[in-house]
Number of protein chains: 6
Amino acid sequence: MFNNAERAQTLVEALPYIQKFYGKVVVVKYGGNAMTSHELFDAVMEDLILLRLVGIPVVLVHGGGPEIDAMLTRLGMESRFVNGLRYTDRETMEIVQSVLCGKVNKDLVATLTRLGASAVGLCGIDGELFRAVKYGGGELGYVGEITRVNPGIVLRAIDAGRIPVIATVALGEDEDTAYNVNADTAAAKLAIALGAEKLILLTNTRGVLRVFGDEDTLIPQITLAQIPELQEQNIIAGGMIPKVECCRDAIDGGVRRTHILDGRVPHSILIEMLTDSGNGTMIYDN
Amino acid sequence: MFNNAERAQTLVEALPYIQKFYGKVVVVKYGGNAMTSHELFDAVMEDLILLRLVGIPVVLVHGGGPEIDAMLTRLGMESRFVNGLRYTDRETMEIVQSVLCGKVNKDLVATLTRLGASAVGLCGIDGELFRAVKYGGGELGYVGEITRVNPGIVLRAIDAGRIPVIATVALGEDEDTAYNVNADTAAAKLAIALGAEKLILLTNTRGVLRVFGDEDTLIPQITLAQIPELQEQNIIAGGMIPKVECCRDAIDGGVRRTHILDGRVPHSILIEMLTDSGNGTMIYDN
Amino acid sequence: MFNNAERAQTLVEALPYIQKFYGKVVVVKYGGNAMTSHELFDAVMEDLILLRLVGIPVVLVHGGGPEIDAMLTRLGMESRFVNGLRYTDRETMEIVQSVLCGKVNKDLVATLTRLGASAVGLCGIDGELFRAVKYGGGELGYVGEITRVNPGIVLRAIDAGRIPVIATVALGEDEDTAYNVNADTAAAKLAIALGAEKLILLTNTRGVLRVFGDEDTLIPQITLAQIPELQEQNIIAGGMIPKVECCRDAIDGGVRRTHILDGRVPHSILIEMLTDSGNGTMIYDN
Amino acid sequence: MFNNAERAQTLVEALPYIQKFYGKVVVVKYGGNAMTSHELFDAVMEDLILLRLVGIPVVLVHGGGPEIDAMLTRLGMESRFVNGLRYTDRETMEIVQSVLCGKVNKDLVATLTRLGASAVGLCGIDGELFRAVKYGGGELGYVGEITRVNPGIVLRAIDAGRIPVIATVALGEDEDTAYNVNADTAAAKLAIALGAEKLILLTNTRGVLRVFGDEDTLIPQITLAQIPELQEQNIIAGGMIPKVECCRDAIDGGVRRTHILDGRVPHSILIEMLTDSGNGTMIYDN
Amino acid sequence: MFNNAERAQTLVEALPYIQKFYGKVVVVKYGGNAMTSHELFDAVMEDLILLRLVGIPVVLVHGGGPEIDAMLTRLGMESRFVNGLRYTDRETMEIVQSVLCGKVNKDLVATLTRLGASAVGLCGIDGELFRAVKYGGGELGYVGEITRVNPGIVLRAIDAGRIPVIATVALGEDEDTAYNVNADTAAAKLAIALGAEKLILLTNTRGVLRVFGDEDTLIPQITLAQIPELQEQNIIAGGMIPKVECCRDAIDGGVRRTHILDGRVPHSILIEMLTDSGNGTMIYDN
Amino acid sequence: MFNNAERAQTLVEALPYIQKFYGKVVVVKYGGNAMTSHELFDAVMEDLILLRLVGIPVVLVHGGGPEIDAMLTRLGMESRFVNGLRYTDRETMEIVQSVLCGKVNKDLVATLTRLGASAVGLCGIDGELFRAVKYGGGELGYVGEITRVNPGIVLRAIDAGRIPVIATVALGEDEDTAYNVNADTAAAKLAIALGAEKLILLTNTRGVLRVFGDEDTLIPQITLAQIPELQEQNIIAGGMIPKVECCRDAIDGGVRRTHILDGRVPHSILIEMLTDSGNGTMIYDN
């Protein structure tokens, strides 16, 4: 009986948060290393389904680096790097497209379905969701930079009560070539185009740390105004730099709140959204 | 952190129940003595709001005996009884209508609003929701028996995302007289007309007890087929008889599950609907 | 035959007026002494129904002073006055709410239904229609001043072809307390929120009279610009002052025409709206 | 004042009739000699507009014999008769089509518009409203017999709030030839296809008379069962025979009430529909 | 087989043109001498139907000079001319209305129906499509100048998938008189009101010719800027002047492209719209 | 000029076919060897787009055997056969899913987009379009047999004006495993679920041949009743057997016409659908 009372209490405490986010779109970027644990994976999927069911539309944007690497290795295709970024020739791009849109994307849809949601797997080619041109001077091959987002196909899926799952492959502006685009950036641009309330980047760290490697030094909130200083102090550094910039761009484009969450904590999305405990680092404009 | 994990777990455990009841109407009858504790009162209201927010439309049907009695006493109007049932003359009926439709009903709407819901208070006169004739041979005065239910006005309120709160006063078939109708019966008839999934009668007992007065002898489930025998054995007895009959009629009319719940347990509706712990007595057809 | 021709003529003469007001909302304030004659009462109800049927949506706003007084007297509750205005303590407010929302309101709905309309009884608590704070310094107790009008619930009832009947009790801004609000003011504010074409205040006088007590000195039309002078001349005086101010506020808020009509003349609303004979005093901006 | 009260009374008396016919389609056949007086003409148009405004959709079906005759005479085209019916050769049919669809029809639309309605003039060719084959053995030339009614184009005009005005020219089944069809019959078939409540044939007699030529012997009501006997007794005779048969066919096809009204009485449609005085002869099934 | 391949090729070549014009309204003015050949007539109708079927809504505006002249001659009514324009007295106007709205208009509808389309014949009186006042000082009698276009009735016909066929008779502003209006002008004004993509004037010349009478000197394209010079050079001369001015006005009002096409070439509309061969003279703004 | 006339003629000849199929769904199965020529490929895509544009919704179902084989060979994965059918272990299934859903499917969407259509790539996992169980006794591994089709996601794409492109991978009934399903069968089942007018199987033969290898002996039409005899005579033999059975099943399920077309003929779909030349073998019920 006691246990039941506690459970009921938890549900009731979620009430004001559900009211707050009701009907507002949340874009979740999930991928890479954060996706590897099987148990955590199911926990993330359950979070998405719960949000959708209580009336908060979610969109899942994913990458799939480890699965792509595995396939390239099996095929004996070695990766060449230009200024630290992977060069993607046409043959590599074909593998990227197959694995991301055909394997990772549809597996996510299958899992969401098994857990009781209605989902649909799309990529940037479908309905011209993402249009792109070659990134930079083209020295990275088929790595693209998103030029336009046509969110109609995603909005229709949301209206139909589905969870759209988006693989970050884009359609070239001039021909029917596919481009590999950065998943964090794609998630941010999609969040803007959807007028999203929130952008959540699931990572495998606790968030932005004041002291490198010391998870007890998590900075729970950063305003846009604090970013330059934190960059100068090298606190926002390494892989965190592009993530923070994605968040900043999303906020500049109208997204209200952005979060860098720890994908290793089970149900970190629910804890962030439906309890009074924050989680990870929130980046926002005040 | 641990605490958060537990909370998240509870939310996730609610998932299959939310999925199961999504979009299905639940009619809750609440009233009389079960309504007296202020704290429990708020807990019931929170349960209704939470269900509504997670996509389960709820309709609240209420009586208001104690508040009516208090007013009659203040006015020095004594109650006459016929075969143990209160005789309602025209003057008494006017007080019943004032208190039920004007006081109790609107107070419930105010509370639901304070807690964050959108609600509307209606009675059987509005939109001709309940039509009635004199009960029996009319020897109880303005006590009515429901003849027709026109659920349109309630359905529209549900569609608008509101919680309809229904006072059990009905409009006479032949003139514009109001009749006092039994709240349990009205809830059952409304549940049928709405094609409800569930009818919940909140009472101030644990449910049907095998041994009178011993709450440890709760019978958690009763099928329609078992009712006659339980009545013969005097296990279904006294005030439980009409409640069980309401449940039976509701099921005969197409309602899938009916529950006699203990209104004294905080959040007993949530516990019943969103956890794997049952609660009170469920009456159903197998 | 001749009689029929006359009747047909009357109907045909109504044609341009029906065309003029088709689909435009008319708010009618009715209450107090104007409500006392039973025959006149039915005549007012018939007018409302006829307007609704020919495509002119009507909203009925009512007070209920006499019925409230009667109940307070029966309960031995005496009214205390502050600067000539009735002080409403919590206990009195409960009686006001019961009688207005439970008795007067639902009786009006019942009568409209008996005469063939579809109606719904609401008060300012339902759907948060009227929000209020304590009037003035709070020296009148639970007398409120309307701060916000959320007309959604009334608009939906209109769309469903119903006549909304509104009891002038409001919901407090900060808690779930009910406030008694002035019915003329509430009608004016609702007319503004609905973008109404007309506000009609039914009274028990002929309108604004040039000579006090002499009904032959009716002033049929007053422009906003004439009001200050008429007030100085004491022609707009006594109980007429707040009524004229309601009309002025309504017009300032976008209502096109306001009328102070004589509720003692049978069908004065129809005569005003569907014939070429004016009636009472029209206050407007030119 | 007295006069106003009478007027209001008339409007209020119309109330139950408006309620009864609200939203139900009324098809009015008007034409030939009943159309000649200019004043009566406007009175008929006003009746139609008033019905439309109070929510009763009307459809006007018209012939135009006198105007056709006038044009044929001007052109020196003589009419040949076969068994008492006018033979219509191709050249005559062209004149019929021009005058009916181009002159009479559009003049009716112009008048309805001048009086404040929104109207549209159509004929049986538009949207394939009426399909026809040659009448009988074809010995009457381009006189047609309606084979199919496609009421879609009329229903859409009704939905748009317009009064459809229908010229009784039909499109041949096999080629794109136009046929002249009987206006009473066309009105009856259209009433059936529209699921109309009423078919009204405006004529220039009082209705069916028991004694030929004596208008005081009007038979106000005839049931289907009485028709054969009245035909045997020669009471239904001459031009009344096809009119009564149209009414009978309409009722057999589902129209609830049919009326042969006196088009010479101003506003006879309003008197019939919105007062308690009958008018002309009603033919119905009991 | 070869022949089939060619056919398929033609269909495929039409693809980009269909894509370009999909859902965009095209107004075609057709009339007078261009309407005389029976074979060409069917070819024009087929073009309209094909455009409609591939998703390009077409509106047909027509005059009917030759048929009107024939009828006036038969009636012995001589035409008087004022400054080279035909004077239209009331009697003549009645003939114009009858022939245009009743004969030519409905014959076009019948032909379109025979060829498989759904069509509806309307004139400027229906739904007050065209309102007009007397042209100039009224010295031409019932010749009108369009003052307002209410395209609602045409838009609804388009939405219902029909081809609206419009006779160019307008309703007077002040009374219910009909006016004869210039068909080219009416087509241009309707094209503007509909936000049309294209206005096509079908004539019986090849287009604007550089050398009078020499069809090999067709000028395929004229920009607005070139018109004044071409007028000064007398290249745009005679009957071409008002046609070019209609085109110019249409473009000023927002129509994108206007065409003066040769109605004597079979399927000249299709050739213009669905192949890469231009046809006639296009007038546009660059 | 002459050439244009011919082109216009071809377009006009397509008119009755467009009318016939307007708004009716056509399912096209395309894949395997028929997909290999680049030019033919574009011709097929153009056919689909043209049909869609003229109002005939098309759905493209594809396989992708050659691309799967190529990838398996690159990975050194050899195919094992059971009774002549390829055994699909889990590892192979992952490659099938990647290539079909990620590569072939999205490439088709990209090409349709380049040619001007709006398209979306889906597989049987999305929206639970295809549910399946293990084929036969499971001796083929992850080869599935379709148990249910939920066409909602395809219908919504059609409603949005898109061309749905469907990869024939299905979701297991019990777990979230993907199954490889036969593309012809999937197309037939989808055609049934969509209530399609036509199922077209594009192959690399002329159709059913009376004499093996002799394309001059094409049988243009086969009724359901003739199938058993043609099977006995070994005329329907080899790979033609399952194709003919798919057609038969589709017709049994309500599809009106099925076609085995020669994918090597450019625009064979257009020739079949929009000209009077048949093409390949039509299988139907008479």
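Nothing here was measured: the structure is a model prediction, and the numbers come from that model.

Trainee: For the overall build of chain A, give the residues involved together with the corresponding values.
Mentor: A tally of helices and strands in chain A yields nine helices and 14 strands. Its C-alpha radius of gyration of 19 Å places chain A within 12% of the 19 Å reference for a compact globule of 286 residues. Expressed as a percentage of its 286 residues, the buried residues of chain A come to 60%. Across chain A, the fraction of contacts at a sequence separation of at least 24, relative to all contacts at a separation of at least 6, is 74%. Where the 26 positive side-chain charges of chain A centre and where its 36 negative ones centre are 4 Å apart.

Trainee: Could you give me a rundown of the relation of the copies chain D and chain C, with the residues and numbers involved?
Mentor: The transform that puts chain D on chain C rotates by 180 degrees and translates by 0.0 Å along the axis, for an RMSD of 0.0 Å. Both copies are brought into coincidence by an operation consistent with a two-fold rotation axis. Of every C-alpha in chain D, the one belonging to V54 of chain D sits nearest the axis of rotation, 1.9 Å from it. In this assembly, 100% of the residues forming the interface of chain D have copies in chain C that are likewise at the interface, indicating an isologous arrangement.

Trainee: Tell me about the sheet that holds strand β13 (residues 257–262) of chain E, and please be specific about residues and values.
Mentor: Residue and element names in this part refer to chain E. Spatial ordering of the open sheet is given by β5-β8-β2-β1-β11-β13-β14-β12, a layout of eight strands whose pairing is mixed. With one partner strand each, in any of the chains shown, β5 (119–123) and β12 (221–223) form the two edges of the open sheet. Here the strands of the sheet are splayed against their neighbours by 20 degrees on average, with no regard to which way each runs. Direction of pairing for strand β11 (residues 198–203) relative to β13: parallel, over a ladder of six bridges. Bridge pairing in β13 places L202 opposite L261.

Trainee: Quick rundown of the relation of the copies chain C and chain B? Include the residues and the values.
Mentor: Structural alignment of chain C on chain B gives an RMSD of 0.1 Å, achieved by rotating through 179 degrees and translating 0.0 Å along the axis. Both copies contact each other with a shared surface, as 95% of the interface residues of chain C are interface residues in chain B too.

Trainee: I'd like a rundown of the packing of aromatic side chains, residues and numbers included.
Mentor: Residue and element names in this part refer to chain B. In total, this model carries twelve aromatic pairs over all chains according to the counting rule given. Residues Y142 and Y179 carry aromatic rings whose centres are separated by 5.7 Å and whose planes lie at 40 degrees to one another, so their mutual orientation is tilted. You can see Y142 sitting in the loop between β6 (130–134) and β7 (144–149) and its partner Y179 sitting in strand β10 (residues 178–180), a full 37 residues away along the chain. Assigned by exposure class, Y142 and Y179 land together as buried.

Trainee: Explain the interface of chain C and chain B to me, using residue names and the numbers behind them.
Mentor: With 37 residues of chain C in contact, the opposing surface of chain B contributes 35 residues. Across the interface of chain C and chain B, roughly 3,100 Å² is buried in total on both sides, 56% from carbon and sulfur atoms. When the area that chain C buries against chain B is broken down by residue, the three leading residues are R74, K106 and D176 of chain C, summing to 18%. There are four salt bridges connecting chain C and chain B.

Trainee: Before we move on, could you go through the side chain of N105 of chain D and cite the residues and values that matter?
Mentor: All names here are of chain D. If you trace the backbone, N105 turns up in helix α4 (residues 90–114). N105 gets classed as buried once you look at its relative accessible area, which sits at 1%. The contact partners of N105, leaving out residues within four places of it in the chain, are H62, L100, G121, L122, V165, I166 and A167.

Trainee: Give me the sheet that holds strand β7 (residues 144–149) of chain D: which residues, what numbers.
Mentor: Residue and element names in this part refer to chain D. Taken together, the four strands give an open sheet; going across it, the order is β7-β6-β9-β10, and neighbouring strands pair in mixed fashion. With one partner strand each, in any of the chains shown, β7 and β10 (178–180) form the two edges of the open sheet. The average angle at which neighbouring strand axes cross in this sheet is 50 degrees, direction not considered. The strands that α4 touches are β9 (169–172) and β10; relative to β10, the one it contacts most, it runs at about 80 degrees. This element, helix α6 (residues 183–193), spans β6 (130–134) and β7 of the sheet and lies at about 10 degrees to β7.

Trainee: Explain the confidence of the model for chain A to me, and be specific about the residues and the numbers.
Mentor: When pLDDT is averaged along chain A, the result is 91, and 99% of the positions lie at 70 or above. Model confidence for the complex: the whole-complex pTM is 0.85, and ipTM, which rates the interface, is 0.93.

Trainee: Could you give an account of the side chain of D47 of chain D, naming the residues involved and the relevant values?
Mentor: Structurally, D47 of chain D can be placed in helix α2 (residues 38–53). Buried D47 of chain D, no salt bridge; nearest opposite-charge side chain is K198 of chain D, N-O distance 13 Å. What D47 of chain D contacts, discounting residues up to four positions off in sequence, is V12 of chain C together with H267, S268, I269 and L270 of chain D.

Trainee: Tell me what's going on with the environment of G263 of chain D, and back it up with residues and numbers.
Mentor: Residues and elements named next belong to chain D. In this structure, G263 sits in the loop between β13 (257–262) and α9 (268–274). By relative accessible area, which is 3% here, G263 ends up buried. Note: C-alpha distance between G263 and T281 (18 residues apart in sequence) is 12 Å. Every residue in contact with G263, bar those within four places of it in the chain, is listed here: L40, L202, T203 and S268.

Trainee: Can you explain helix α3 (residues 65–74) of chain F? Please cite residues and give values.
Mentor: Within the sequence span of α3 of chain F, burial applies to I68, M71 and L72 of chain F. Taken end-on, α3 of chain F shows its buried residues confined to a sector of 100 degrees, consistent with a single buried face. Looking at the buried side of α3 of chain F, the elements it contacts are α4 (90–114) of chain A together with β4 (85–86) and α4 (90–114) of chain F. One or two positions beyond α3 of chain F, positive phi appears at G76 of chain F, with a value near 70 degrees.

Trainee: Give me the packing of helix α6 (residues 183–193) of chain B against helix α8 (residues 240–252) of chain B: which residues, what numbers.
Mentor: Residue and element names in this part refer to chain B. Across the interface, α6 lies against α8 with an axial gap of 9 Å and an inter-helix angle of 10 degrees. When the interaxial angle is binned, α6 and α8 end up roughly parallel. Facing α6, whose interface residues are D184, T185, A188 and I192, α8 presents K243, C246, D249 and A250.

Trainee: Talk me through the interface of chain D and chain C; I want residue IDs and the actual numbers.
Mentor: Between chain D and chain C, the residue contacts involve 32 residues of the former and 33 residues of the latter. Across the interface of chain D and chain C, roughly 2,900 Å² is buried in total on both sides, 71% from carbon and sulfur atoms. Summed over the three residues of chain D that lose the most area to chain C, namely R7, L11 and L53 of chain D, the buried surface amounts to 24% of that side. Counting across the chain D and chain C interface gives two salt bridges.

Trainee: How would you sum up helix α8 (residues 240–252) of chain C? Please name residues and give values.
Mentor: Residue and element names in this part refer to chain C. Taking 1.5 Å per residue as the helical rise, α8 with its 13 residues ought to reach 18 Å, and the 18 Å between its terminal C-alpha atoms agrees with that figure. If you check which residues of α8 are buried, you get M240, K243, V244, C246, C247, A250 and I251. Buried residues of α8, viewed axially, fall in a sector of 150 degrees; they line one side. Buried residues along α8 sit in contact with β1 (26–30), α6 (183–193), β11 (198–203), α7 (227–232), β13 (257–262) and β14 (281–284). One or two residues past the end of α8 sits G254, with phi positive at roughly 115 degrees.

Trainee: An account of the packing of helix α3 (residues 65–74) of chain B against helix α4 (residues 90–114) of chain B is needed here, citing residue identities and associated values.
Mentor: Residue and element names in this part refer to chain B. One way to put it is that α3 packs onto α4 with a least axis distance of 10 Å and a crossing angle of 130 degrees. Of the possible angle classes, the one that applies to α3 and α4 is oblique. Of the two possible hands of crossing, α3 and α4 adopt the one that is right-handed. Contacts from E67, I68, M71 and L72 in α3 reach T92, I95, V96, V99, L100, K103 and V104 in α4.

Trainee: I'd like a description of the arrangement of the chains, backed by residues and values.
Mentor: Across the gap from chain A to chain E, with no contact made, the nearest C-alpha atoms are 16 Å apart. Here chain B and chain E are not in contact; the least distance found between their C-alpha atoms is 29 Å.

Trainee: Describe the pattern of salt bridges, with residues and values.
Mentor: Per the stated rule, a full pass over the model turns up 76 salt bridges over all chains. We note a salt bridge from E128 of chain B to R131 of chain B, for which the minimum N-O separation is 2.9 Å. The network of salt bridges with shared partners includes K29, D184 and K243 of chain A.

The rules behind each value
All chains use their own residue numbering, which begins from 1 and follows the written sequence. Chain labels run from A onward and ligand labels from 1 onward, assigned in the order the entries are written. Since the coordinates come from a predicted model, pLDDT governs what is reported: local features require at least 70, and pairs of side-chain atoms require 80 or more to be given and counted, while whole-chain, interface and lining totals use all residues. Processing note: side-chain calculations cover all non-hydrogen atoms of the structure and skip hydrogens and water entirely. Under the DSSP-based scheme used, a helix requires at least four consecutive residues in state H or I and a strand at least two consecutive residues in state E, with every element numbered from the N terminus. Our radius of gyration is a C-alpha quantity, and the globule rule it is checked against amounts to 2.2 Å times the number of residues to the power 0.38. Residue burial is assigned from relative accessible area. The probe radius is 1.4 Å, only protein chains are included, and a residue is buried under 20% of its type maximum, exposed over 50%, and partly exposed in between. For this analysis, residues touch if any pair of their heavy atoms sits within 4.5 Å. Just so you know, the count uses Lys and Arg for positive and Asp and Glu for negative, and it drops His and the chain ends. Charged groups are reduced to one reference atom each: NZ for lysine, CZ for arginine, CG for aspartic acid, CD for glutamic acid. The fit set for superposing copies consists of C-alpha atoms from residues with pLDDT of at least 70 in both; the fit itself is least squares. Pairing between strands is defined by DSSP: at least two bridges between them are needed. For helices, the axis comes from a line fit to the C-alpha atoms of the stretch in contact; other axes are also lines fit to C-alpha atoms, and the angle between any two N-to-C directions lies between 0 and 180 degrees. A pair of Phe, Tyr and Trp rings is counted when the ring centres sit within 6.5 Å of each other, with Trp represented by its six-membered ring. The angle between the planes then sorts it: under 30 degrees is stacked, over 60 is edge-to-face, the rest tilted. Two parts placed together each lose some accessible area; with a 1.4 Å probe, that loss summed over both constitutes the buried area. The working definition used for a salt bridge is a side-chain nitrogen of Lys or Arg within 4 Å of a carboxyl oxygen of Asp or Glu. pLDDT runs from 0 to 100 and stands for how confident the predictor is about each residue. Within this analysis, the arc is defined by the directions that extend from the helix axis to the C-beta atoms. Orientation categories follow fixed angle ranges, with anything under 35 degrees roughly parallel, anything over 145 roughly antiparallel, 65 to 115 roughly perpendicular, and all other angles oblique. For a helix, the expected span equals 1.5 Å multiplied by the residue count minus one. For any pair of crossing helices, the crossing counts as left-handed if the nearer helix is rotated counterclockwise from the farther one by less than a right angle, and right-handed if it is rotated clockwise.

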